[in-house]
Each structure stands twice: as C-alpha cells, then as structure tokens.
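Architecture at a glance
For reference, the chains in residue letters:
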Amino acid sequence: MSNTSENPKPSSSSAKMTLKTSDNELFEVEEAVAMKFCTVKQYFEDEKDSDVAARGSTTVIPLPNVHSAVLATLISYGKKLPQSNAVADNHEEEETKKKERKKYEQGLLKNLMPGELLDLISAANYLDFKEGLEFFNQALADHIQNKSVEYVRKFFGIKNDYEPHEEEKYREEYAWAFEGVDED
Amino acid sequence: MDDVLCSRKLRRPCSPPLSIDDLPGCMLMEILIRLPLKSLFLCKCVSKQWCTLISAPSFAGFVNRFHASSNSILQRPFSLLFHYHNNEHKMKLLVASEVPGFKSLASSINQCDNDNVDDTVIQASCHDLLLCTKNVVSDDAGSSSMIVYNVINPITGKSVSLPPLRHSRRARIGFIYRFNDNGINDHKQQQVSYRVMRIPEFKGKSTKFKVDIFSSDTGKWSKSVVLCPQGFWLGIFTFVGVPYNGLLFWWSLNERLVGFDPYTSKCCRVFDKPVELEPSRVERLGVCHGALRICQLLGYPYNFAHPKLRVWELKDYDKGGKWCLEHEVYFNQMVSKKSPWLTKYMTNRILYVVVLAYHPYDRDIVYVKIQNKVVSCNMKRKILEVVCDIPLTHLFYNGCNVFNFVLPCWPTPIPSSPS
C-alpha cells in the first residue's frame with residue numbers, strides 16, 4: 001500500500017510527522033493523529049527535548065516493528081477517531097459522527113482478513129495506540145466468539161496438548177459451552 | 001505474566017518474523033476477557049496453557065473488572081427457568097431460551113446435588129446462583145418435617161447445602177448475594193456473601209412479622225422480626241422475593257412495593273402503587289434493564305373484554321420512586337409473523353394468557369404463556385413469537401416462580417460457610 005497522506009482539512013494544527021515502517025515506506029501523518037500512538041508521542045517528545053535547536057525538516061520516526069500495510073490501517077482508524085483538539089460539536093453533529101464512525105468500522109472489519117487482526121493488535125500494542133487496541137481486540141474477540149476449538153487452535157497456531165480422553169471428559173462436563181458453535 | 005504467545009510466530013503477509021519482545025503475554029489476555037462466558041469455557045479446551053490462564057483466580061477478577069465498565073450485559077444469553085406439573089403431576093423444569101447453550105442446563109441443575117434424581121426444584125434465584133430444594137415440599141407436610149435448601153451454580157456445578165430448617169407452610173422465600181468489596185488487592189477474587197430470607201405465612205396485613213434468615217457468614221439460620229410500619233400483606237400470588245439493589249422486593253396486597261434488607265432485617269423501601277393501577281391483581285414483579293417492573297392483565301378473564309396488558313417501570317428509585325406506564329397493549333392487536341395460528345388465536349374474546357417474565361434487558365419484550373407455549377411478546381412492535389412448547393396437555397398452569405437465568409461474564413463463586 002502506498003502513502004496515505006491526504007490534504008488535511010483546515011484545522012488548528014496541520015503539523016505533520018513522517019513515520020517510517022519496517023519495509024521502508026514513509027507515511028506523512030497529521031500530528032494530531034500520530035500523537036494517538038503513544039510510542040510515537042514519546043519518541044517525538046524525547047526528540048524535542050534532546051535537540052533544542054529548531055529542526056526545520058520534519059522528523060522521521062522509525063517504526064521497525066510495523067509493516068506498511070498494518071500502519072496504513074491503523075492511521076486510517078486513527079483519523080476517524082474524535083480528535084482531542086476538535087471544537088466541541090453539538091449533540092446532533094456528535095450523533096452523525098458516531099454513526100459515520102460505526103459505518104466506517106463495519107466496512108473496515110469486513111475488508112480485513114481475520115489473520116490481519118493479530119498483526120493489527122500486535123502493531124497497536126507496539127505503538128501503544130489505546131483506541132486501536134480496544135477496537136481490534138474486541139473485533140478479534142467477536143470473531144472467535146462462537147468458533148470451535150479446532151478453529152481457535154488453527155487461528156492462533158496452537159498445538160493441542162490434551163490427551164483425547166482428557167478433551168472428551170472436558171467436553172462432556174461442560175457440554176453447554178459447546179452447544180450451537182459455528183461449523184468450521 | 002503468562003507468555004503463551006512469546007514463542008509463537010504469527011502469520012503475517014510478507015513481513016519479518018516478530019521477535020519475542022513484540023508480543024507481551026497480556027495480549028492474549030486482552031482478547032480473552034472480551035469473550036462471553038460460553039466461549040471462555042470452550043477456550044479452556046484449546047490447550048492446557050490456555051486452561052491454566054483462564055482458570056487462574058486472577059482471571060475472574062480481570063473479566064469482572066472489564067465488564068463492570070462495559071455494556072456487555074446487553075448481549076448476554078439468557079434463559080427462563082420454571083417448573084410445571086406434567087401430566088403425571090410430577091414437577092418438571094423447563095428451560096426456555098431463544099439461544100442455544102441452555103439445553104444442558106436442566107440436567108446440570110439436577111446433577112448439582114449429586115443425585116441423578118430429576119426433582120431439584122428451584123425456589124429462588126439471584127443472577128447465576130439458584131436456591132433449590134431436592135424434593136417438592138408438599139404443603140401438607142407438617143412442621144415436623146425438615147427442609148434443606150441448596151445454593152447451586154449450574155455453570156460450575158458447585159453446590160452448598162444449608163442446614164435443615166423446620167418446614168413452614170406456604171412460606172415465601174427470597175435469596176440475594178453481595179460482593180464484599182475488598183478492592184485492596186486486585187488479585188484476590190471478590191468475596192461473595194449471601195442471605196436467604198424466609199417469611200412464614202401470616203394472614204392479612206401486618207406491621208411486624210417474623211422471618212428466618214440464613215447468613216453465609218455465620219452458616220446458620222436465625223430468627224428476626226421485621227418491622228414494616230406501612231403494613232405488609234402477603235397475597236396468594238405473592239411469589240418469590242425479587243432481588244434488586246441489595247434488597248428483596250415483594251408486592252404487598254395493600255398495593256405497595258416493599259423492599260427488605262436481609263442483611264439487617266429491616267424494611268428499607270416502600271413504594272406506592274402506580275396511579276393507573278386497577279384493583280385486580282398485579283401479575284408479575286420483575287427486573288428489566290436495571291429497573292423494577294410490574295404488570296397487569298386487564299379486561300380478562302371475567303370481564304369478557306379484549307384483554308390488555310399494562311407494564312409499569314419504577315423510575316427515580318432513589319428519589320422516592322415513580323411508576324411510569326411503559327407499555328399498554330391489546331392482545332388482539334398483536335400478530336405473529338411465524339405462527340399464523342397465534343395471530344388468529346389472539347382475536348378470540350376469551351384468551352388465556354399468563355405473564356411469565358420480563359426480558360432481562362430488552363425493555364420492549366415480555367414473555368407470556370399462551371395455550372401451551374412460551375411466547376415472546378414485543379410490546380412495541382406488537383409481535384408475538386413462539387419460543388418453545390411447554391409439555392402439557394391441560395391448559396391450567398398455576399403461574400408461579402419463573403426465573404431469569406442470565407449467563408454472567410464469569411460464574412459467581414459460592415462461599416462456603418463455617419460449619
């Protein structure tokens with residue numbers, strides 16, 4: 001995926017930052033969005049402290065653990081979040097924005113492969129992106145919610161270390177937990 | 001912290017392998033605590049490591065804390081539990097639910113007492129804990145016979161027996177538990193304590209009456225006297241005490257809602273009746289979406305008018321309480337999309353409808369018994385749908401205790417009492 005920078009809407013802060021991914025792609029991101037990634041925020045603040053002389057060019061912040069495809073999605077999600085420096089909306093505007101966000105979230109999840117959720121969570125964790133973590137953790141939980149044991153094992157790449165008779169006993173004892181589970 | 005995922009390489013599209021430092025073990029935790037109870041129990045079967053993680057005492061704490069701040073109750077599956085007499089006059093338990101996962105519940109309830117006898121009778125419930133007796137205690141049984149109550153959690157299979165108590169004819173029972181907030185140590189499981197309150201029957205209105213209270217803290221039954229200056233009057237249709245906001249509520253025949261605290265044996269709340277309440281009986285006291293509700297079926301069965309259902313909700317609980325008429329529906333205006341016979345039946349002048357229970361969190365739905373079926377009734381959309389059959393051939397059903405069993409985010413532990 002290529003650089004996703006767009007012309008920012010006129011807002012109070014249009015300062016931008018550049019993030020560099022593990023596959024050497026550069027992403028220009030509005031400061032307001034980038035600051036939601038607390039790891040980036042920390043890095044930025046450390047850099048500011050360590051070099052008092054004004055830096056003319058934008059800092060490039062390296063993210064060696066994040067792939068471009070993943071970062072693009074996280075940035076896209078970050079942009080849709082209510083901005084902390086935004087002017088307070090009235091109730092109607094807020095409701096409309098909420099609905100828009102809901103629609104966006106549903107669209108986002110529809111286009112994601114379940115496997116990508118793990119990558120997104122791992123990256124959001126690295127970036128310390130709280131809202132992203134909350135959203136993608138819930139999305140993953142919702143995804144595996146009614147799935148079978150075999151599906152879950154395959155999804156997370158976990159080896160079954162139960163003996164067949166142990167597993168059988170468990171399934172009998174807690175039969176209600178296995179009722180109505182989705183077919184694989 | 002457990003590092004289940006540390007040694008695992010996750011699938012990623014054309015990217016370098018993740019290093020161990022990238023995957024803190026709590027990552028899995030954050031996903032698991034968002035799963036509903038059923039999935040959590042299923043996930044214990046995924047691997048021994050997962051089982052250890054989920055079974056750890058601290059895990060319950062994480063789950064409870066996460067859900068305390070979310071709206072997850074709005075998606076929790078639930079079932080109605082109630083007893084009926086079958087054609088051989090044997091008492092049976094019906095588990096009526098619109099979602100799967102509860103079929104095994106009935107057998108689980110019966111097995112909790114370690115007897116394979118099919119006669120556990122639920123007497124009261126509080127969330128996912130049930131107060132049961134092993135046998136049907138007949139009203140003819142004299143006071144020389146002893147009754148043993150058990151507190152059971154049908155999900156975990158745990159069961160605790162209370163010391164025997166002298167039987168008391170047509171006594172009313174209430175059961176409530178509380179979490180003791182220690183809050184100091186996050187890793188300690190929350191402590192639970194419970195009370196069982198039994199009100200031996202008395203005739204007429206009384207401002208002072210005796211009760212038997214069991215405390216899980218002492219492990220003993222004790223006698224108390226409860227004072228109720230506004231008067232408390234047990235009606236024949238006054239059933240089990242409804243636990244709500246730390247109190248046990250009963251509808252009093254002198255048209256009041258009364259709440260008692262079994263921890264202090266005090267009468268703590270009295271609410272007057274709704275303005276629109278008719279003199280006929282109050283059908284069902286229950287809780288829906290965090291508020292107390294009562295209802296009345298009117299124009300029926302003696303008036304031969306088309307029956308209507310009115311549902312009131314108690315608002316402003318802490319400010320004196322105000323009943324609001326939430327729903328008023330005529331049954332002949334209701335239709336069933338899936339069962340045309342039901343739509344037709346509702347146009348009969350004489351209908352036999354019993355209100356069973358309120359939906360635990362959907363404020364538009366009430367469950368009723370029509371003919372021999374449990375029917376969900378959406379009062380806003382005026383739609384009826386059959387939930388399940390009640391295996392009866394006779395129409396008479398003395399609507400008694402119906403319990404809402406909502407799957408919690410994590411099973412409630414039953415504290416053991418000093419013996």
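No experiment lies behind these values; they were computed from the predicted model shown.

**A closer look at helix 7 (residues 149–156) of chain A**
All names here are of chain A. Burial in helix 7 covers these residues: Val149, Val152, Arg153, Phe155 and Phe156. Buried residues of helix 7, seen end-on, are gathered within an arc of 165 degrees and therefore sit on one face of the element. Where helix 7 ends, the next residue or the one after it, glycine 157, has phi of about 65 degrees, a positive value.

**Examining the interface of chain A and chain B**
Each side of the interface is counted separately: chain A has 42 residues, and chain B has 39 residues. Taken together, the two surfaces of chain A and chain B that pack against each other cover about 3700 Å², and 60% of this comes from carbon and sulfur. Across the chain A-chain B interface, the total number found is two salt bridges. Arg34(B) is the salt-bridge partner of Glu134(A), the closest N and O atoms lying 2.8 Å from each other. At the boundary of chain A with chain B, the tally comes to eight residue pairs in polar contact (both at pLDDT 80 or more). Elements supplying a minimum of two residues to the side of chain A that touches chain B: helix 5 (114–127), helix 6 (130–144), helix 7, helix 8 (164–173) and helix 9 (175–178) of chain A.

**Examining the side chain of Asp128(B)**
Residue and element names in this part refer to chain B. Note on placement: aspartate 128 falls in the loop between strand 3 (121–126) and strand 4 (129–133). Only 2.5 Å separates the side chain of aspartate 128 from the side chain of threonine 412, close enough to count as a polar contact. Discounting chain neighbours no more than four positions away, the residues touching aspartate 128 are Ile152, Asn153, Pro154, Ile155, Tyr177, Phe405, Val406, Pro408, Trp410, Pro411 and Thr412.

**Some remarks on the packing of helix 6 of chain A against helix 7 of chain A**
All names here are of chain A. Packing of helix 6 against helix 7 leaves a shortest axis separation of 11 Å and a crossing angle of 140 degrees. As judged from the angle between their axes, helix 6 and helix 7 are oblique. Across the interface between the two elements, Leu140, His143 and Ile144 of helix 6 pack against Tyr151, Val152, Phe155 and Phe156 of helix 7. Residues belonging to the contact of helix 6 with helix 7 are distributed by class as follows: six nonpolar, one polar and no charged.

**Points about the confidence of the model for chain B**
For chain B, per-residue confidence averages 83 on the pLDDT scale, and 84% of positions sit at 70 or higher. Within the model, pLDDT remains below 50 along residues 1–23 of chain B, and this stretch shows 42 contacts once partners closer than five positions in the same chain are excluded.

**Side note on unusual backbone geometry**
Positioned with a positive phi, Asp128(A) is a non-glycine residue whose angle comes to about 55 degrees. Relative to the elements of secondary structure, Asp128(A) occurs in the loop between helix 5 and helix 6. In this model, Lys382(B) sits at a positive phi of 60 degrees, which is unusual for a non-glycine residue. Among the secondary structure elements, Lys382(B) is positioned in the loop between strand 24 (373–378) and strand 25 (383–389).

**What about the pairing of strand 12 (residues 220–233) of chain B?**
Residues and elements named next belong to chain B. Examined bridge by bridge, strand 11 (residues 205–215) and strand 12 share 10 bridges and lie antiparallel to one another. Of the residues in strand 12, the one forming a bridge with valine 211 is serine 224. The hairpin turn running from strand 11 into strand 12, its antiparallel successor, is four residues long, and glycine 219 in that turn takes a positive phi close to 75 degrees.

**Considering the packing of helix 4 (residues 91–110) of chain A against helix 6 of chain A**
Residues and elements named next belong to chain A. Contact geometry of helix 4 with helix 6 gives a least axis separation of 12 Å together with a crossing angle of 55 degrees. It follows from the interaxial angle that helix 4 and helix 6 lie oblique. The element helix 4 and its partner helix 6 pack so that their crossing is right-handed. Contacts between helix 4 and helix 6 involve Glu105, Leu108 and Leu109 from the former and Phe135, Phe136 and Ala139 from the latter.

**Here we look at the sheet that holds strand 15 (residues 256–261) of chain B**
Residue and element names in this part refer to chain B. Pairing is antiparallel across the open sheet formed by four strands, whose spatial order is 13-14-15-16. The sheet terminates laterally at strand 13 (242–244) and strand 16 (266–272), the two strands that pair on one side only. Strand-to-strand twist of the sheet, defined as the mean angle between neighbouring strand axes without regard to direction, takes the value 30 degrees. Relative to strand 14 (residues 247–252), strand 13 runs antiparallel, the two being bridged by three bridges. Bridge pairing in strand 14 links tyrosine 244 to leucine 247.

**As for the confidence of the model for chain A**
Residues and elements named next belong to chain A. Mean pLDDT over chain A stands at 81; residues scoring 70 or higher make up 83%. With pLDDT under 50 throughout, residues 1–5 is counted as low confidence; its partners more than four residues away or in other chains account for 14 contacts. Across residues 7–12, where pLDDT falls below 50, the model places three contacts with residues more than four positions away in sequence or in other chains.

**Considering the packing of aromatic side chains**
Scanning the entire structure with this criterion turns up 35 aromatic pairs over all chains. Plain terms: the ring middles of Phe232(B) and Phe260(B) are 5.1 Å apart, the flat faces sit at 75 degrees to each other, and that makes the pair edge-to-face. Here Phe232(B), found in strand 12, pairs with Phe260(B), found in strand 15; they are 28 residues apart in sequence, far enough to count as distant. Across the pair, Phe260(B) and Phe232(B) agree in class, each one buried. The rings of Tyr170(A), Tyr174(A), Trp176(A), Phe178(A), Phe41(B), Phe59(B) and Trp410(B) are connected pair by pair, giving a single aromatic cluster.

What counts and how
Residue positions are counted from 1 within each chain, in the order its sequence is given. Whichever chain is written first is A, and whichever ligand is written first is 1; the rest continue in order. Note on the predicted model: pLDDT of at least 70 is required for a residue's local features to be given, and 80 or more for side-chain atom pairs to be given and counted; whole-chain, interface and lining totals, by contrast, use all residues. As a rule here, side-chain values come from all non-hydrogen atoms in the structure, and water together with hydrogens is ignored. The classification of residues rests on relative accessible area computed with a 1.4 Å probe and restricted to protein chains. Under 20% of the type maximum is buried, over 50% is exposed, and intermediate values are partly exposed. Helix and strand definitions follow DSSP, with helices as H or I runs of at least four residues and strands as E runs of at least two, each counted in order from the N terminus. Working note: the arc is built from the helix axis to C-beta atom directions. Here a residue-residue contact requires only that any non-hydrogen atoms of the pair lie within 4.5 Å. Buried area adds together the accessible area that both of two parts lose upon being put together, with accessible area traced by a 1.4 Å probe. For this analysis, a salt bridge means a side-chain nitrogen from Lys or Arg found within 4 Å of a carboxyl oxygen belonging to Asp or Glu. Polar contact criterion, stated in full: a pair of N or O atoms within 3.5 Å, where within protein one must be able to donate a hydrogen and the other to accept it, and residues adjacent in sequence count only if both atoms are side-chain atoms. Here the axes come from fitting lines to C-alpha atoms, over the contacting stretch only for helices, and the angles between their N-to-C directions go from 0 to 180 degrees. Every angle not falling under 35 degrees, over 145, or within 65 to 115 is termed oblique; those three ranges are roughly parallel, roughly antiparallel and roughly perpendicular. Each residue gets one of three labels, nonpolar for Ala, Val, Leu, Ile, Met, Phe, Trp, Tyr, Cys and Pro, charged for Asp, Glu, Lys and Arg, and polar for the others, Gly among them. Values of pLDDT, ranging from 0 to 100, describe the predictor's confidence in every residue of the model. DSSP calls a pair of strands paired once it identifies at least 2 bridges connecting them. Note on convention: near helix rotated counterclockwise from far helix by under a right angle means a left-handed crossing. Clockwise means right-handed. Side-chain rings of Phe, Tyr and Trp (the six-membered ring for Trp) are treated as a pair once their centres are within 6.5 Å; stacked means planes under 30 degrees apart, edge-to-face means over 60, and tilted covers the remaining angles.

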